[in-house]
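One-letter residues, chain by chain:
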Amino acid sequence: MQFSVLAAFISLVPLAFAIPASPVADASLPGSTSNVAGLHAVAKAAGKLYLGTATDNNELTNTQYTAILENPQQFGQITAENSMKWDATEPQQGVFTFTLADQIANLAISRGLLLRGHNCVWHQQLPSWVTSGNFNAAQLTSIIQNHCGTLVSRYKGHVWDVVNEPLNDDGSFRSDVFFNTLGSGYIATALRTAKAADPNAKVYINDFNIEGTGAKATAMKNLVRTLKSQGVPIDGIGLQSHFIVGQVPTTLVQNMQEFVALGVEVAITELDIRMTLPETAALLEQQKQDYQTVIAACQAVPKCVGITLWDFTDKFSFIPSTFPGQGAATPWDQNLVKKPAFDGIVAGF
């Protein structure tokens, strides 16, 4: 690491020792009845590397939230939801800012948690100098190499979503500044750069709607085959898993097995299961069953190495702002009380 773990840890100590108020459940809705040490403890006992969560810097001032987040029995891995993305880390060309990313990294490392870097190359949250720079192929290649190499070398020994969401739902490559300038070759450039920056890093491609079989999953498998045939390093495929209650794919296990057969591991990287609001007891029961289905699928495939929740509480979920009228997607409610979905995760293991 090229930054002070101790300094960032000291800055977080008051949060760790704050006494949170007791969470209050909504008495009209069912809650969790599981009596376990924590979800990560259950996952580890079941043979998985981790059960983790995404988090964001603005959430770390909430002491009720951090009391749960920092419980090592509950979570064994952390993903930086926004602070390692391009706009946050290289807002001006060649000028890197790591204050927010370092806070998340130090939070994980100081507590012995696994860290997932998210992400090197993505079509969203790009500064305008990238999208509007009119760079030629050689220039943009160098920009990718500098950006990915700098990020991965700063946070060594971890897992990286090197390329995020490169495909459209029909399996074609997404049109963005990288593909439009470099074709699909930008993917190999990013993966090679990340692995060269840290040979011990696990380098992933991460995407949504590839969790079950279909055109997009097939295209991703073909991409893995192509990369491997070219000698490009690719260690894993991230299955984002932003699902809808009652609509979880039925081919999760088959699809994971088909990825694993290509010589990569898989991970569930951004799990949440949203519903049309308001919450009802029936929807919460279905959500519980859906979480169980997803976890059981990962449990059935040894090379599905772990699961990350896309934040663990409805209080900080991105779903309502992205999908108006939907929400309640996570295992903890707005008041940081465990929901039946928590029990579904436990049952899945």
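Please refer to the structure placed before this passage.
Residues numbered from 1 in each chain as written. Predicted model: local features only at pLDDT ≥ 70, side-chain atom pairs only at ≥ 80, totals over all residues. Heavy atoms only, no water.

Caption draft 1: Representation of the state of the cysteines within the structure. Under the counting rule described, the total for this entry stands at one disulfide. The side chain of Cys 298 participates in a disulfide bridge whose partner is Cys 304; the two sulfur atoms lie 2.1 Å from each other. Residues Cys 298 and Cys 304 are joined through a disulfide that is left-handed, its torsion about the S-S bond being -100°. Accessibility expressed as a relative area gives 0% for Cys 304, which makes it buried. Its sulfur unpaired, Cys 120 is 3.8 Å from the next cysteine sulfur, which belongs to Cys 148. By relative accessible area, Cys 120 is classed as buried at 0%. Residue class for Cys 148 comes out buried when judged on its relative accessible area of 0%. (Disulfide = S-S within 2.5 Å. Buried < 20%, exposed > 50% of the residue type's maximum accessible area, 1.4 Å probe, protein only.)

Caption draft 2: Region of the structure containing the packing of aromatic side chains. Taken as a whole, this structure holds 14 aromatic pairs when the rule is applied. An angle of 90° between the planes, with centres 5.0 Å apart, marks the rings of Tyr 65 and Phe 316 as edge-to-face. Taken together, the positions of Tyr 65 in helix 3 (residues 63–69) and Phe 316 in the loop between strand 9 (304–309) and helix 13 (319–322) put the pair 251 residues apart, joining distant regions of the chain. These aromatic residues form a ring-pair network of at least three members: Tyr 65, Phe 75, Phe 312, Phe 316, Trp 332 and Phe 342. (Phe/Tyr/Trp six-rings, centres within 6.5 Å; stacked < 30°, edge-to-face > 60°. Helix = DSSP H or I, 4+ residues; strand = E, 2+ residues; numbered from the N terminus.)

Caption draft 3: Representation of the pairing of strand 5 (residues 202–207). In terms of burial, strand 5 is largely enclosed, as five of its six residues are buried. Looking at chain direction, strand 5 and strand 6 (residues 236–239) are connected through four bridges and run parallel. Its bridge partner being in strand 6, Asn 206 is matched across the sheet by Gly 238. For the crossover from strand 5 across helix 10 (residues 215–229) to strand 6, the handedness is right-handed. (Pairing = 2+ DSSP bridges. Right-handed = clockwise from strand over helix to strand, strands pointing away.)

Caption draft 4: Spotlight on the layout of surface pockets. Of the volumes computed, that of the largest pocket is approximately 550 Å³. Elements supplying a minimum of two residues to the lining of the largest pocket: strand 7 (242–244) and strand 8 (265–276). The leading source of residues in the lining of the largest pocket is strand 7, at three residues. A per-class count over the lining of the largest pocket returns seven nonpolar, eleven polar and seven charged. (1 Å grid on protein atoms, 1.4 Å probe; cavity = no way out; pocket = protein on both sides within 12 Å on 5 of 7 lines; lining within 4 Å. Points joined across faces, edges and corners; volume = space filled by probe spheres on them. Nonpolar A, V, L, I, M, F, W, Y, C, P; charged D, E, K, R; others polar.)

Caption draft 5: Spatial organisation of the packing of helix 12 (residues 281–300) against helix 14 (residues 340–348). Packing of helix 12 against helix 14 brings their axes to within 7 Å, and their N-to-C directions diverge by 25°. Relative to helix 14, the element helix 12 is oriented roughly parallel. Judged by the sense of rotation from one axis to the other, the crossing of helix 12 with helix 14 is right-handed. Contacts between helix 12 and helix 14 involve Leu 284, Gln 287, Lys 288, Tyr 291, Gln 292, Ile 295, Ala 296 and Gln 299 from the former and Pro 340, Ala 341, Asp 343, Gly 344, Ile 345, Ala 347 and Gly 348 from the latter. (Axes fitted to C-alpha atoms, helices over the stretch in contact; angles between N-to-C directions. Parallel < 35°, antiparallel > 145°, perpendicular 65-115°, else oblique. Left-handed = near helix turned anticlockwise from the far one by under 90°. Contact = heavy atoms within 4.5 Å.)

Caption draft 6: Quick look at the environment of His 242. Among the secondary structure elements, His 242 is positioned in strand 7. Relative accessible area serves as the criterion here: at 17%, His 242 is assigned to the buried category. Sequence spacing of His 242 and Ile 268 is 26 residues, and the spatial spacing of their C-alpha atoms is 9.8 Å. Ignoring anything within four residues of it in the chain, the contact list for His 242 reads Glu 211, Glu 270, Asp 272, Arg 274, Trp 310 and Phe 318.

Caption draft 7: Region of the structure containing helix 5 (residues 99–110). Helix length check: helix 5 (twelve residues) gives 16 Å between terminal C-alpha atoms against 16 Å at 1.5 Å per residue, within 8%. Among the residues of helix 5, Ala 101, Asp 102, Ile 104, Ala 105, Asn 106, Leu 107 and Ala 108 are the ones counted as buried. (Expected span 1.5 Å × (residues − 1).)

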